[in-house]
Amino acid sequence: MHNNDLAKVSTVSTVEEQLLIESPYPTPAPIPVVGLTGLVTLTANSCGGGGGSTTNGGSTQTSSAVPQPLYSKAEAARFLLQTQFTATDDEIQSVRNSSYDAWLSAQFNAIIDQTGAQWLTANGHATPAHDGNYFNPVFGDWMAWNQLLTGTGQVRKRLALALSEFFVVSLNPIDGFWPPMLIAGYWDLLNAKVFDNFRNLLEDISLNPAMGFYLNTKGNLKEDAASGRQPDENYAREVMQLFSIGLYELNLDGTLKTNAQGNPIETYVQSDITNLARVFTGYDWDYSKVTQQSGFESYPVPTPEFTSGRMAFDAKKHSNLAVNFLGTTIPENTPGADALRIALDTLFNHANTGPFFCKQMIQRLVTSNPSPAYVQRVASVFNNNGSGVRGDLKSVWRAILTDSEARTLPTNKTAGKLREPIVRLTQIARTFNVSSTNGKWEIYDLSNADTALGQAPLRSPSVFNYFRPGYVPPNTAMAAQGLLAPEFQLHNETSTAGYINLVTYFIKSGYADVKINLSAIESLATDAKALVEWLNLHLTANQLSSSTTDLIQQALEATPVTATSSSDAKSDRLYAAILLVAASPEYLIQK
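Caption draft 1: Representation of the overall build of the protein chain. Along the protein chain, the regular secondary structure elements total 24 helices and 10 strands. Out of the 591 residues belonging to the protein chain, those deemed buried represent 57%. The long-range fraction of contacts in the protein chain, counting pairs at least 24 apart against all pairs at least 6 apart in sequence, stands at 73%. For the protein chain, the computed accessible surface area is about 22,500 Å², with 50% contributed by carbon and sulfur atoms.

Caption draft 2: Spatial organisation of unusual backbone geometry. One non-glycine residue with positive phi stands out, namely asparagine 333, at about 65 degrees. At alanine 512, a residue that is not glycine, the phi angle is positive and equals roughly 55 degrees. If you trace the backbone, alanine 512 turns up in the loop between helix H20 (493-509) and strand S9 (514-515).

Caption draft 3: Summary view of the packing of helix H2 (residues 73-83) against helix H4 (residues 100-108). Interhelical geometry of H2 versus H4 gives an angle of 35 degrees and a closest axis separation of 12 Å. Crossing handedness for the pair H2 and H4: right-handed. Note on element contacts: H4 touches H2 through Tyr100, Trp103 and Leu104, opposite Glu75, Phe79, Leu80 and Thr83. Tallied by class, residues from the contact of H2 with H4 come to five nonpolar, one polar and one charged.

Caption draft 4: Region of interest: the pattern of salt bridges. Going through the model one piece at a time under the given rule, you end up with 20 salt bridges. With a shortest N-O distance of 2.8 Å, arginine 459 and aspartate 141 are connected by a salt bridge. Separated by 318 residues along the polypeptide, arginine 459 in the loop between strand S8 (435-436) and helix H19 (477-480) and aspartate 141 in helix H6 (residues 138-149) bring together distant segments of the chain. Comparing arginine 459 with aspartate 141 shows no difference in burial state: the two are buried. Residue arginine 199 is joined to aspartate 345 by a salt bridge in which the shortest nitrogen-to-oxygen separation is 2.7 Å. Here arginine 199, found in helix H9 (residues 198-206), pairs with aspartate 345, found in helix H13 (residues 336-348); they are 146 residues apart in sequence, far enough to count as distant. Classification of arginine 199 as buried rests on a relative accessible area of 9%. Residue aspartate 345 is classed as partly exposed on the basis of its relative accessible area, which comes to 28%. Taken together, the shared-partner salt bridges in this structure form one network comprising Lys193, Asp196, Arg199, Glu203, Asp204, Arg310 and Asp345.

Caption draft 5: Fine view of the environment of tyrosine 444. Locating tyrosine 444 in the fold gives a position in the loop between S8 and H19. Tyrosine 444 sits 304 residues away from glycine 140 along the chain, and the two C-alpha atoms are 8.8 Å apart. For tyrosine 444, the residues in contact, after removing those within four places along its chain, are Val138, Asp141, Trp142, Trp145 and Tyr511.

Caption draft 6: Representation of the layout of surface pockets within the structure. Volume-wise, the largest pocket comes out at about 720 Å³. Every residue lining the largest pocket is counted, 33 residues in all, and those nearest its centre are Phe356, Lys359, Gln360, Pro469 and Gly470. The residue makeup of the lining of the largest pocket, split by class, is 18 nonpolar, 10 polar and five charged.

Caption draft 7: View of the side chain of threonine 307. Within the secondary structure, threonine 307 sits in the loop between strand S3 (301-302) and strand S4 (312-313). Judged by relative accessible area, which is 1%, threonine 307 ranks as buried. Within the local environment of threonine 307, its side chain forms a polar contact with the backbone oxygen of proline 304, the two atoms lying 2.7 Å apart. Residue contacts for threonine 307: discarding those within four places in its chain leaves Trp178, Met181, Leu182, Gly185 and Pro209.

Caption draft 8: Highlighting the nonpolar core. Judged by nonpolar contacts, the single largest core of 164 residues is most densely connected at Phe167, Ile205, Phe243, Phe357, Trp397 and Ile400. Top element by residues in this core is helix H23 (residues 567-582). It accounts for nine residues.

Caption draft 9: Region of interest: the side chain of serine 244. Position of serine 244 relative to the elements: it lies in the loop between helix H11 (234-241) and helix H12 (270-277). Look at serine 244 and you get buried, because its relative accessible area is 0%. Once you skip the residues sitting within four places of it in the chain, serine 244 turns out to touch Phe166, Val239, Leu347, Asn352, Thr353 and Phe356.

Caption draft 10: Seen up close, H23. Here H23 is 16 residues long and its end C-alpha atoms lie 23 Å apart, about the 22 Å a rise of 1.5 Å per residue gives. Three or more residues of H23 are buried, namely Arg573, Leu574, Tyr575, Ala576, Ala577, Ile578, Leu579, Leu580, Val581 and Ala582. Where H23 is buried, its residues contact helix H18 (421-431), H20, helix H21 (528-540), helix H22 (546-557) and helix H24 (585-588).

Caption draft 11: The packing of aromatic side chains, seen in detail. A complete count under the given rule lists 29 aromatic pairs for this structure. Measuring from ring centre to ring centre gives 5.2 Å for phenylalanine 166 and phenylalanine 357, while their planes differ by 80 degrees; the resulting arrangement is edge-to-face. Of this pair, phenylalanine 166 sits in the loop between helix H7 (154-164) and helix H8 (179-193) while phenylalanine 357 sits in helix H14 (residues 353-365), and the two are 191 residues apart along the sequence. Assessed through its relative accessible area of 3%, phenylalanine 166 is described here as buried.

Caption draft 12: Representation of the environment of lysine 218. Note that lysine 218 resides in the loop between helix H10 (209-214) and H11. With relative accessibility at 29%, the residue lysine 218 sits in the partly exposed group. C-alpha separation for the pair lysine 218 and phenylalanine 280, spaced 62 residues apart in sequence, amounts to 9.0 Å. Setting aside its immediate chain neighbours within four residues, lysine 218 contacts Gly212, Phe213, Tyr283, Asp284, Trp285 and Met311. Separated by 3.5 Å, the side chains of lysine 218 and aspartate 284 make a polar contact.

Reading guide: rules and limits
- Residues numbered from 1 in each chain as written.
- Predicted model: local features only at pLDDT ≥ 70, side-chain atom pairs only at ≥ 80, totals over all residues.
- Heavy atoms only, no water.
- Helix = DSSP H or I, 4+ residues; strand = E, 2+ residues; numbered from the N terminus.
- Buried < 20%, exposed > 50% of the residue type's maximum accessible area, 1.4 Å probe, protein only.
- Contact = heavy atoms within 4.5 Å.
- Areas by Shrake-Rupley, 256 points an atom, 1.4 Å probe, with all protein chains shown as cover.
- Axes fitted to C-alpha atoms, helices over the stretch in contact; angles between N-to-C directions.
- Left-handed = near helix turned anticlockwise from the far one by under 90°.
- Nonpolar A, V, L, I, M, F, W, Y, C, P; charged D, E, K, R; others polar.
- Salt bridge = Lys/Arg side-chain N within 4 Å of Asp/Glu carboxyl O.
- 1 Å grid on protein atoms, 1.4 Å probe; cavity = no way out; pocket = protein on both sides within 12 Å on 5 of 7 lines; lining within 4 Å.
- Points joined across faces, edges and corners; volume = space filled by probe spheres on them.
- Polar contact = N/O pair within 3.5 Å; in protein donor to acceptor, adjacent residues only side chain to side chain.
- Core = buried A, V, L, I, M, F, W, Y, C linked by side-chain atoms within 4.5 Å.
- Expected span 1.5 Å × (residues − 1).
- Phe/Tyr/Trp six-rings, centres within 6.5 Å; stacked < 30°, edge-to-face > 60°.

By themselves, these are just geometric observations and shouldn't be taken as functional.
This is the structure we're talking about:
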């Protein structure tokens, strides 16, 4: 496809400016790409696309002895792309032959095939070496991408990724011994607890070694009158603000409660933080687990057993003062474990916790602007799973993903959510059978917006994640309507160019040792219509509009490819087709 052919597909994005972006990566023959500089405006204007049914049931049963699928292919693909990363033919068929509930139950029961720490250990990244691998954080990036791009249990990993953007720990500031093993221990914790109970998860993350480093629980000491030292308040603040109850009191449907003056009501004040901070004193990394100290350096290098499990508790360093927060009193001299239990129970049972957590998980998986009724239905399940259990995460995920608002394809122009860059790259890679030529999975930090994705797993720039749940793109039609678009905090002209350039290079040449395989669509290279239809189903659940698919097809057909064409010509058509779909607003906006 020649550059002048791109004019024929410029309306795929209907953007005021169209850019031809030159890839910064050293590929011998880069394929042409289209820029999307006005995607924020397009969020409010792009349509939902064709092909997806607006009903929950799909086909009805007939009198035939052969059972009819419960859902159409598009319905099954749409469910899969909200629930995990890919919608392959086998996965689509599996959902169609089952029910959403039954399919989810099977995924909830799937085992973890290999943890991040196990992968690091198997590849020599957990054994001290003279090259200083015990200090080098980059193996944490390799681990994170390996975990996302390989292995079974996609649902577990997709939901763990969502949790990692709520309970944030970032590899960025972690230094000292074994940053990769610390971040792997945290990732493995989220994977292990993603189908557990919110209360158990909250306790485990509070005592996790990586979280301890990230938010200063590690080494947090009790007050000292002589020096004036007070316990560090960082974790006490964030566990309320970000990990449980939020800043303002909420109704069950996630809407703000207001006082007589119409102002939001704060959930906590400074004295609550100061008191709660006493609970999180006396903890540090548990070096008693370490099995060996290597002596080939001028200082001892410990083996990394301390990076997983829970931190150790030292009662002598723990505050014994009374704690008064959120209306709860923990008496003075309460043992540390009991003080922690009472504090976390208070947060867990707070009326805000259900709607605060559930709305953000809906935003991560389904839509940026769930209706209050949707939030209330899911938060009610958080409060009681039907059997009197509060915080049952399996029931919460099921409620989010099978709700009528999730399963009905919306027709309004502002529905859905922007696919975050991590999810886009992971989907493309997995859809096309990604593999490593040498087993290293050498993908580095991709959070640079100029040259990469503008986002990388477990690399958030702050505890507030890459984007805030209440973010509104300024000076847009969405802002005028009071609509949220969290992922758009990552989106601008620079990040758009970075994404397109990276995808351009990745689909053709891979990234270092990481390559994709286009065998699934090789037979479609000579049939542009069938190729676009395949990509539309598997990448967007048929959410590309007919006008978009027609334009992409016309662009591909501008350079004829026949059975006698060279293999390079056939491959170039495949590359161009994937890129044009991956750059289209109707792909970027998932509904």
